[in-house]
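Secondary and tertiary structure notes
Spelled out, the chains give:
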Amino acid sequence: MTAGPTTPLLDEVTGARQALTVVLPARLRRTPAWQEGPFPFELGIRRTDTQTRATYFAPASARALYGAPGRPCRWHQPLDIKHEGLHLLGLELLRAATARNPEHALAVLHFSVETPILPILRMLAARNAPTTTDPLPGLTGPFDPAVLMAGAADIVQDPTAPFALARPYTIAFLSPTAQHTPALREGPEGRLPATADRWLWQLASRSNPQDFPLAPETAADHVRDTVRISADWSALVLRQGAAFLGHRPDTGDDDFYAFGALHSRTIYLDALLLGALQRDHIDELTDELSEVFTSPRRLAGRVAALERSIALFRSGYWRQHLTAHGPANELLLAFQNQHRLPARFNEILTEAADYSRLVQTQESQQISGALGVLTILGLPLGTALGILQVLGDDSLPHLLIALALSVAATAGALTTRYGRLVLASLRGGKSSPR
């Protein structure tokens, strides 16, 4: 794929069908008085509620995304707000608590878009923003998340706060019309033009070539993780956004793209949300790992707590195989690859194993040291008492003298190199060789 001045831009393109999902970090203040479960989009007789979506995921993943009976972790609220070409359909809140951030959550806003979608994406990414004072450009007025979620959650707007994103994470869907030839496949089984991937990149990166000009030598690398869901559409997952783009003309309400847009808002969204949960937990494990040696005397306890955190994360969140439905797995793997999650988690496991071996070595040294102390204390005392017993001497003064001599002998033994090694092993430190 090459990039250049002839690359078609999306700034003035309005697709036949456009959907936009915005994900924001939030702080859950209380259990929302909303309906439980994910936002239940409907298409004909199909309703994407918790029961329907859970069939797509492994049980552990479903619990992380939807909760369990009596323990919900996701809520939704339908809305109907239109403003400047955007139509807000509803909100979601997903509890994403971690050990250190029990109030952490992810807020999800679902829009349909009736104007060119790329300028909206660029605004949300703060591309060429006239000012940087607004942490959430484009989400103001009737779409202000702080107002929409008042009383339920606070939107985290400080990019330096834990888990905060510099900008909202966006998931865009666009199906083309017959006039949008840069995105269209050349016939049902024809090849895709190079411009299709350029459009897909622009949607996922929330940029145009002026914002982020791709070097011709590396342009193909930027779309190497593109997921070809079928001949009809493709997906691309990047660090700050994802996109779905159709490759044949959308024929209207009964077209397959209605189902595609539904999937991008539901099952595929959930796969990316699970990736975000994994990223947040791995970030926390990394922080916990870096603090292991802040209190050397509590090393064993910190390593044990770290191992417990790793075990809980692996059993509840760490999945690379979500479902038998391939595209959701591929999207999750693409998200993990963008954030280097498998490599980071393997590094955490390696370091944790090293620290565990270190703790085991220290404990072995301390046990050996304790045995050495018993030897140093017991040998002089046992010898003295044995001599008195052989002599048949049961005099109290002689017993006290024997005890005093054994204490002196023990003190003298502890001043030797061997004695210092024994004491150092009990402290878990190093002894002087002299």
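Within each chain, residue numbers correspond to sequence positions counted from 1 in written order. Reporting of local features is limited, given that this is a predicted model, to residues whose pLDDT is at least 70; pairs of side-chain atoms are given and counted only at 80 or more, and all residues count toward the totals for whole chains, interfaces and linings. No hydrogens and no water enter the side-chain calculation; it runs on all heavy atoms of the structure.

1. Re the pattern of salt bridges
Here, a salt bridge means any Lys or Arg side-chain nitrogen found within 4 Å of an Asp or Glu carboxyl oxygen. Counted by the stated rule, this structure contains 15 salt bridges. Among the salt bridges present, the one from arginine 47 reaches glutamate 42, with a minimum N-O distance of 2.5 Å. A simple rule labels every residue: compare its accessible area, found with a 1.4 Å probe on the protein chains alone, to the largest value its type can have, and call it buried under 20%, exposed over 50%, or partly exposed in between. On the basis of relative accessible area, arginine 47 is assigned to the partly exposed category, the value being 37%. One salt bridge in this structure joins aspartate 211 and arginine 122, with 2.6 Å as the shortest N-O distance. In this pair, aspartate 211 sits in the loop between helix H5 (194-205) and strand S12 (227-228) while arginine 122 sits in helix H3 (residues 117-124), placing the two residues 89 residues apart along the sequence. Residue classification places arginine 122 among the buried positions, given a relative accessible area of 13%. Secondary structure follows DSSP: runs of H or I at least 4 residues long count as helices, runs of E at least 2 residues long count as strands, and numbering of each begins at the N terminus.

2. Quick word on the packing of helix H6 (residues 256-265) against helix H7 (residues 267-290)
Between the N-to-C directions of two axes lies an angle of 0 to 180 degrees, each axis being a line fitted to C-alpha atoms and, for a helix, fitted only over the stretch in contact. Where H6 contacts H7, the axes come no closer than 3 Å and their chain directions differ by 20°. Classified by the angle between their axes, H6 and H7 sit roughly parallel to one another. Side by side, H6 and H7 meet where His263, Ser264 and Arg265 of the first sit next to Ile267, Tyr268 and Leu269 of the second. Here roughly perpendicular refers to angles of 65 to 115 degrees, roughly parallel to angles under 35, roughly antiparallel to angles over 145, and oblique to all remaining angles. Between two residues, a contact is recorded if the distance between any of their heavy atoms is within 4.5 Å.

3. Some thoughts on the packing of aromatic side chains
Each aromatic pair joins two rings of Phe, Tyr and Trp (for Trp, the six-membered one) with centres within 6.5 Å, and gets the label stacked for planes under 30 degrees apart, edge-to-face for over 60, and tilted for any other angle. The tally for this structure, following the rule as stated, stands at 17 aromatic pairs. Between phenylalanine 173 and tryptophan 233, the aromatic rings sit 6.0 Å apart at their centres with planes inclined by 70°, giving edge-to-face as the arrangement. One end of the pair, phenylalanine 173, is in strand S11 (residues 169-175); the other, tryptophan 233, is in strand S13 (residues 233-237), and 60 residues separate them in sequence. On the numbers, 6.0 Å between centres and 40° between planes, the contact of tryptophan 233 with tyrosine 268 is tilted. In this pair, tryptophan 233 is assigned in strand S13 and tyrosine 268 in helix H7, connecting sequence segments 35 residues apart. Each of the two residues, tryptophan 233 as well as tyrosine 268, counts as buried. Taken together, Phe173, Trp233, Phe244, Phe256, Tyr257, Phe259 and Tyr268 form an aromatic cluster joined through their ring pairs.

4. Describing the pairing of strand S9 (residues 104-113)
When you tally the buried positions in S9, you get ten out of ten residues, the bulk of the element. Side-chain alternation along S9 places His104, Leu106, Val108, His110 and Ser112 on one buried face and Ala105, Ala107, Leu109, Phe111 and Val113 on a second face that is also buried. Being paired, for any two strands, means DSSP has found at least two bridges between them. Sheet topology note: the strand S1 (residues 17-28)/S9 ladder contains nine bridges and is antiparallel. Bridge pairing in S9 places valine 22 opposite leucine 109. Where strand S8 (residues 86-95) lies against S9, nine bridges are found, and the strand directions are antiparallel. Its bridge partner being in S9, histidine 87 is matched across the sheet by serine 112.

5. Considerations on the packing of H7 against helix H9 (residues 326-338)
Any two packed helices are characterised by how steeply their axes cross, that is the angle between the axes, and by the distance between the axes. Contact pair H7 / H9: the axes reach a minimum separation of 9 Å and the direction vectors enclose 30°. Pair H7 / H9 crosses with right-handed handedness. Together, Ile267, Tyr268, Ala271, Leu272, Leu274, Gly275, Ala276, Gln278 and Arg279 of H7 and Pro327, Ala328, Leu331, Leu332, Phe335 and Gln336 of H9 make up the contact between the two elements. Helix crossings fall into two classes, left-handed where the near helix is turned counterclockwise from the far one by less than a right angle and right-handed where it is turned clockwise.

6. Observations regarding empty space enclosed by the protein
Think of a 1 Å grid over the protein atoms and nothing else: a 1.4 Å probe that fits but is trapped marks a cavity, an open set flanked by protein within 12 Å on at least five of seven lines marks a pocket, and residues with an atom within 4 Å of a point count as lining. Grid points are joined across faces, edges and corners, and a volume is the space filled by probe spheres set on the points. What the rule picks out here adds up to one cavity of 30 Å³ or more. Its volume calculated, the largest cavity comes out at about 90 Å³. Lining the largest cavity are eleven residues, with Val23, Tyr169, Leu272, Ala276 and Phe335 positioned closest to its centre. Listing elements by their share of the lining of the largest cavity, those giving two or more residues are S11 and H7. Note on residue categories: nonpolar means Ala, Val, Leu, Ile, Met, Phe, Trp, Tyr, Cys or Pro, charged means Asp, Glu, Lys or Arg, and polar means any other residue, Gly included. Residue composition of the lining of the largest cavity, by class: ten nonpolar, no polar and one charged.

7. A few points about the environment of alanine 153
With respect to the element layout, alanine 153 can be found in strand S10 (residues 153-155). Through-space distance from the C-alpha of alanine 153 to that of proline 32 is 8.0 Å; in sequence the pair is 121 residues apart. Apart from residues lying up to four places away in sequence, alanine 153 is in contact with Ala26, Arg27, Leu28, Arg29 and Leu93.

8. Focus: the pairing of strand S14 (residues 241-246)
Of all six residues that make up S14, six are buried, and the element is covered over most of its length. Of the two faces of S14, both are covered, the one formed by Gly241, Ala243 and Leu245 as well as the one formed by Ala242, Phe244 and Gly246. Bridge analysis of S11 against S14 gives five bridges, and the strand direction is parallel. Counterpart to isoleucine 171 in the pairing with S14 is alanine 242. Direction of pairing for S13 relative to S14: antiparallel, over a ladder of five bridges. By the bridge assignment, alanine 235 is partnered in S14 with phenylalanine 244. Counted between consecutive antiparallel strands, the loop separating S13 from S14 contains three residues.

9. Structural notes on unusual backbone geometry
Positive phi values are uncommon outside glycine, yet glutamate 84 reaches one of about 50°. Relative to the helices and strands, glutamate 84 is located in the loop between strand S7 (74-83) and S8. Its identity is not glycine, yet alanine 126 carries a phi of approximately 60°, on the positive side.

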